[in-house]
Amino acid sequence: MTDASEPSSQDTFISHLVELRTRLLRAVAAVLGIFVVLFIYPGPSPIYDLLAQPMLATLPQGTRMIATGVITPFMVPIKVTLLASFVLALPVVLYQAWAFVAPGLYRHEQRLALPLIISSTLLFLAGMAFCYFVVFHTVFSFIAHFAPQSITPAPDIEAYVNFVLTMFLAFGVTFEVPIAVILLVKTGMVTVKKLREIRGYVIVGAFVVAAVVTPPDVLSQILLAAPLCLLYEIGILAGAAIEKRKPAPEDEADSARDLSRTDAPTGEPGD
């Protein structure tokens, strides 16, 4: 006979849904709060101008970008401001995700998960920064010098924003390669020796991916493929360091027995 004081599986499921809703609302509130602040100051127009600066710097003197849609001059800066709000609120969003899953993790899993979340966020932002400060300037300057003199470039702002977001996503994901390599080594799915053996295939794959997600010019493809290969090598070095610290098989068995006896999921971290 089941104790009436014990929560049923349905009650537990509903409590998880309520917790998930609370975490999502807090994350959305953080994004919207920052959006309101940015909308008031400095405003959507200066934020978009900052995003458009790499392109504007390469256009001929007196040339501006154009908007072909009726409400595009209003909607595109709002869209850019909302995305900037999400990036600024990313620490809060990730903390809410972490706080939701943390009660179901063991202590050793929590020790691994939190550094991975922080490092993944920093690497993604580093990829966006590299794209903005290095790639955009180089690629747009190359295109401007390559264009015939009889053509006056006047890019559409909506097409420009879509291009920028695609490049930000491509470079942000590319900079996550060391994390992916470390996870593969840490979980035992692949060894560092195997990663070194497939290095040639990774290099070819990097240039194939770069050819698909970047503009059809060699320069931008190299600017994506080269960091991907370099970050893969960094991941291998980090994976080798992890392999050296791995305990012997008998030590792992002892640790597993100790964890099964003493390690239990911890409570939710405080807000």
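Predicted model only: the values in this text are computed from it and were never measured.

Procedures and definitions
- Residues numbered from 1 in each chain as written.
- Predicted model: local features only at pLDDT ≥ 70, side-chain atom pairs only at ≥ 80, totals over all residues.
- Heavy atoms only, no water.
- Helix = DSSP H or I, 4+ residues; strand = E, 2+ residues; numbered from the N terminus.
- Buried < 20%, exposed > 50% of the residue type's maximum accessible area, 1.4 Å probe, protein only.
- Contact = heavy atoms within 4.5 Å.
- Areas by Shrake-Rupley, 256 points an atom, 1.4 Å probe, with all protein chains shown as cover.
- Axes fitted to C-alpha atoms, helices over the stretch in contact; angles between N-to-C directions.
- Parallel < 35°, antiparallel > 145°, perpendicular 65-115°, else oblique.
- Nonpolar A, V, L, I, M, F, W, Y, C, P; charged D, E, K, R; others polar.
- Patch = residues over 30% accessible without salt bridge, like charges linked within 9 Å, V, L, I, M, F, W, Y side chains within 5 Å.
- Salt bridge = Lys/Arg side-chain N within 4 Å of Asp/Glu carboxyl O.
- UniProt positions renumbered as here; feature names shortened; annotations may be inferred.

Colleague: It is not clear to me how the overall build of the protein should be interpreted in this structure. Could you clarify?
Modeller: Per the secondary structure count, the protein includes eleven helices and zero strands. Secondary structure elements of the protein, listed N to C terminal, follow the sequence α-α-α-α-α-α-α-α-α-α-α. Buried positions account for 34% of the 271 residues belonging to the protein. A sequence separation of at least 24 residues applies to 85% of the contacts in the protein between residues at least 6 apart. When the accessible surface of the protein is summed, it comes to about 16600 Å², and 70% of that surface belongs to carbon and sulfur atoms.

Colleague: Can you help me understand unusual backbone geometry in this one?
Modeller: Trans peptide bonds make up most of the peptide bonds, and negative phi angles are found at most residues other than glycine. Note that the residue after Tyr41, namely Pro42, is joined by a cis bond; omega there is 5 degrees. With respect to the helices and strands, the residue Pro42 is situated in the loop between helix H1 (9-40) and helix H2 (44-56).

Colleague: Would you mind going over the packing of H2 against helix H5 (residues 107-146) with me for this structure?
Modeller: If you want to describe how two helices pack, look at the angle between their axes and the distance between the axes. One way to put it is that H2 packs onto H5 with a least axis distance of 8 Å and a crossing angle of 40 degrees. As the angle between them shows, H2 and H5 are arranged oblique. Only Tyr132, Phe136 and Phe140 of H5 make contact with H2, whose side of the interface consists of Leu50, Leu51, Gln53, Pro54 and Met55. By residue class, the composition of the contact of H2 with H5 is seven nonpolar, one polar and no charged.

Colleague: What am I meant to see in a nonpolar patch on the surface here?
Modeller: Together, Phe13, Ile14, Leu17, Val18, Leu20 and Leu24 give the surface a local cluster of nonpolar side chains, amounting to about 530 Å² of exposed area. If you trace the backbone, Ile14 turns up in helix H1. Under the relative-accessibility criterion, Ile14 is labelled partly exposed at 42%.

Colleague: Sorry, what's going on with the UniProt feature "transmembrane region" (unreviewed entry) in the protein here?
Modeller: Mapped onto this structure's residue numbering, the UniProt feature "transmembrane region" (unreviewed entry) falls at residues 24-41, 82-101, 122-147, 159-186, 198-216 and 222-242. Helix makes up 95% of residues 82-101 and strand 0%, and the two end C-alpha atoms of the span are 26 Å apart. Secondary structure content for residues 222-242 is 100% helix and 0% strand, and the end C-alpha separation is 30 Å.

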